Amino acid sequence: MAESPITPRDKDFATWYQDVVIQGDMAEPAEIVKGCMVIKPNGYAVWEVLQRELDTRFKATGHQNVYLPLLIPESFLKKEAEHVEGFAPELAVVTVAGGKKLEEPYVIRPTSETIVGHFFGKWIQSYRDLPMLLNQWANVVRWELRTRMFLRTTEFLWQEGHTAHSTHEEALEEVIRMLKVYAEVAEDVMAMPVIMGAKTKAEKFAGALRSYSIEAMMQNGLALQAGTSHDLGQNFGKAFDVTFQSKEGKLDYVWQTSWGVSTRLIGGLIMTHSDDKGLVLPPKMAHRKVVLVPIFRKEEERALVMEAAVKLAAEVGAHIDTRDGHSPGAKFFHWERRGVPIVLELGPRDVAAGTIVLKRRDTGVKEVIPQTELAARVAATLEAMQKDMFIRAKQRLADNTVIANSLEEVRAILDDVTAEKGGGKFVMAHLKDDPSNDAAIKEFRASVRNIPLTDEYDGPGKCIITGEEVERRVVIAKAY
RNA sequence: CGGGCCGUAGCGCAGCCUGGUAGCGCGCUUGCUUGGGGUGCAAGAGGUCGGGAGUUCGAAUCUCCCCGGCCCGACCA
């Protein structure tokens, strides 16, 4: 018998993650281009579910999809000083095209704020053109020095929302609205609990007034920034001269927002739910929710079992694994590694007894149920699984969140935590939003993840570094 | 980008130190067998030893350069 190809989590979390991604047939390193990956059908299907869930909500909140050029004139990036400074180190630049050196190089988009700024300038004249609510599904390239599949790759897929508003208040409402959409998809669809909050000034998006994020906790206790929403203020409006005339006839710059989530969410999904046997998908994220494995020996049995299998599979929309030459056991392992929520087993004994075996992926519990109850039991099990997986993840987040009242405490808690060994915690501490304080936290390889929107702790307190009074505790953790 | 480990059949690895024309397990193909958690037996197919240059009569093996992967950092919406 072959050994499990998946490294246990407690042995080496980072290797476990790699194993799950590959054994779950989600993706593999491209190898031909540094830091890039190939997203395989089983992984892309998960992305398609996310796209559908997000896109539906974007449309419901009044946004429309657009598509903008992949290449950006280098000069565009330079129009917003902070923006170019933030992105310059990770840009890939096209200098030759059509066999000729370009007069002005093109940058492969790391994000599209600058291009959007340009077109907003063309499209917006009046307050009647506002708000302009756009979204783009696209790929972007950032030349990261260290990559991990799904979590940080050179090229990745994402959506980037870009909106323009006539007032700052309205823009801020948009920023929070979309942050909440992200939180809703993370929690209700991905069963991945998140903390909504503001990034510190030091951690904000290059060119933004304020950034907000949803932060999730992986099974090793490390934080994952799962989505961001930015209040761009009038920074890009001014850089690209995006003005509009108000009702009163006054000219003003638009107030912009941008927000995005990426294929990184898939990495978060994996590190939230999967186990030592492989991928575990919450039912709402599974493109294939139920698989039926038929079992038979002789030809007469095959006919009998298959007849019942086809009928039952149709009732619950199950995929029947009809592959020849694979034993049922091999098929069980196959689907288990791929995270299918429910696997049904149907053999001669079941056909004779009018029963069927139902196994749920998350708990591994197997039960024999009457065929007449199949549809109801499958529906109930999927629903229970979705709920249970969220509760377990939420509990883990709670169990690994601790309070600290001094910098030394924070250091002690986060000391010796790494991606491979785990042991990470979310440390809640009072800390003033000041870049020098972020720097102090960085000393021990952690960061302020965000300042939660809602305070679930003890309200105001003294900053553990400066002693100044601050409104609430912030989340400090090591992160991907 | 710094430090460490690594790249040999689809996958996991041995061989490398001490140069002599490539091997094991799994998987794959065919046949029989088996089938309720990776069936068993038999016969087969499959390799530019990551790439290039050098040393040598001869390089998977020694030297140099490059490409790529993983981990720890730095960096990073």
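My aim in this report is to walk through the structure given alongside it, one point at a time. (Residues numbered from 1 in each chain as written. Chains lettered and ligands numbered in written order. Predicted model: local features only at pLDDT ≥ 70, side-chain atom pairs only at ≥ 80, totals over all residues. Heavy atoms only, no water.)

## So, the packing of helix H2 (residues 41–60) against helix H6 (residues 168–189)
Consideration 1: For the pair H2 and H6, interaxial distance at closest approach is 11 Å and the crossing angle is 140 degrees. The crossing of H2 and H6 is right-handed. Between H2 and H6, the contacting residues are Leu50, Glu53, Leu54, Arg57 and Phe58 on the first element and Met178, Val181, Tyr182, Glu184, Val185 and Val189 on the second.
Consideration 2: Of the residues contributing to the contact of H2 with H6, the split by class is 8 nonpolar, no polar and 3 charged. (Axes fitted to C-alpha atoms, helices over the stretch in contact; angles between N-to-C directions. Helix = DSSP H or I, 4+ residues; strand = E, 2+ residues; numbered from the N terminus. Left-handed = near helix turned anticlockwise from the far one by under 90°. Contact = heavy atoms within 4.5 Å. Nonpolar A, V, L, I, M, F, W, Y, C, P; charged D, E, K, R; others polar.)

## Brief notes about the protein's contact with RNA strand B
Consideration 1: The environment of RNA strand B is made up of 45 residues, and the closest members are Arg146, Trp158, Ser327, Asp350 and Lys359.
Consideration 2: Taken together, the sugar and phosphate atoms account for 50% of what RNA strand B places within 4 Å of the protein.
Consideration 3: Residue Asp350 places a side-chain N or O atom 2.2 Å away from a base nitrogen belonging to RNA strand B.
Consideration 4: If you list the elements that add at least two residues to the surface near RNA strand B, you get helix H1 (13–23), helix H4 (81–87), strand S11 (223–233), helix H10 (328–337), helix H11 (348–353) and strand S18 (355–360). (Near = heavy atom within 4 Å. Polar contact = N/O pair within 3.5 Å; in protein donor to acceptor, adjacent residues only side chain to side chain.)

## Observations regarding the sheet that holds S18
Pairing between the strands of a sheet comes from backbone hydrogen bonds, and it takes one of two forms, parallel or antiparallel.
Consideration 1: Reading across from one edge, S16-S15-S17-S18-S19 is the order of the 5 strands in this open sheet, with mixed pairing throughout. A single partner strand is all that each edge strand has here, and the edge strands are strand S16 (319–320) and strand S19 (366–370).
Consideration 2: Two strands pair when backbone bridges link them, and strand S17 (residues 342–346) and S18 are joined in this way by 4 bridges, in the antiparallel orientation. Along S18, the bridge assignment pairs Ile342 with Arg360.
Consideration 3: In the packing of H10 onto the sheet, the strands contacted are strand S15 (290–294), S16, S17 and S18, and the crossing angle to S15 comes to about 170 degrees. (Pairing = 2+ DSSP bridges.)

## Considering unusual backbone geometry
Consideration 1: Of the consecutive residues Leu130 and Pro131, the connecting peptide bond is found in the cis state with omega at -5 degrees.
Consideration 2: Here Pro131 is to be found in the loop between helix H5 (113–123) and strand S7 (132–141).
Consideration 3: The backbone of Glu31 sits at a positive phi, close to 70 degrees, despite the residue not being glycine.
Consideration 4: Summarising the element assignment, Glu31 is placed in the loop between strand S1 (27–29) and strand S2 (37–39).
Consideration 5: Positive phi is not limited to glycine here, since Asp416 has a value of about 70 degrees.
Consideration 6: As for its position among the elements, Asp416 is in the loop between helix H13 (407–414) and strand S21 (426–430).

## Regarding the pattern of salt bridges
Side-chain pairs of opposite charge can arise whenever the charged atoms involved come near each other.
Consideration 1: Summed over the entire model, instances satisfying the criterion amount to 36 salt bridges.
Consideration 2: One salt bridge connects Arg302 with Glu299, and the closest N-O pair in it is separated by 3.4 Å. Placement of both Arg302 and Glu299 in helix H9 (residues 299–316) is noted, with a separation of 3 residues, approximately one turn of the helix.
Consideration 3: Its relative accessible area of 29% is what places Arg302 among the partly exposed residues.
Consideration 4: Classification of Glu299 by relative accessible area gives exposed; the value is 54%.
Consideration 5: For Glu345, the salt bridge is made with Lys366, and the minimal N-O distance between the two is 3.0 Å. (Salt bridge = Lys/Arg side-chain N within 4 Å of Asp/Glu carboxyl O. Buried < 20%, exposed > 50% of the residue type's maximum accessible area, 1.4 Å probe, protein only.)

## Here's the deal with the packing of aromatic side chains
Centre distance and the angle of the planes are the two values used to describe a pair of aromatic rings.
Consideration 1: This model, assessed by the stated rule, comprises 9 aromatic pairs.
Consideration 2: Centroid distance Phe156 to Trp158: 5.9 Å. Interplanar angle 85 degrees. Geometry classified as edge-to-face. When sorted by exposure, Phe156 lands in the same class as Trp158, which is buried.
Consideration 3: In textbook terms, an aromatic cluster arises when at least three aromatic residues are bridged by ring pairs, as seen for Trp47, Phe58, Trp137, Tyr182 and Trp259.
Consideration 4: Sitting over the face of the ring of Phe76, Lys79 holds its NZ or CZ atom 5.2 Å from the ring centroid.
Consideration 5: Its guanidinium or amino end placed over the ring of Phe332, Lys366 lies 5.7 Å from that ring's centre, counting from NZ or CZ. (Phe/Tyr/Trp six-rings, centres within 6.5 Å; stacked < 30°, edge-to-face > 60°. Lys NZ or Arg CZ within 6 Å of the ring centre and 35° of its normal.)

These figures capture arrangement, not role.
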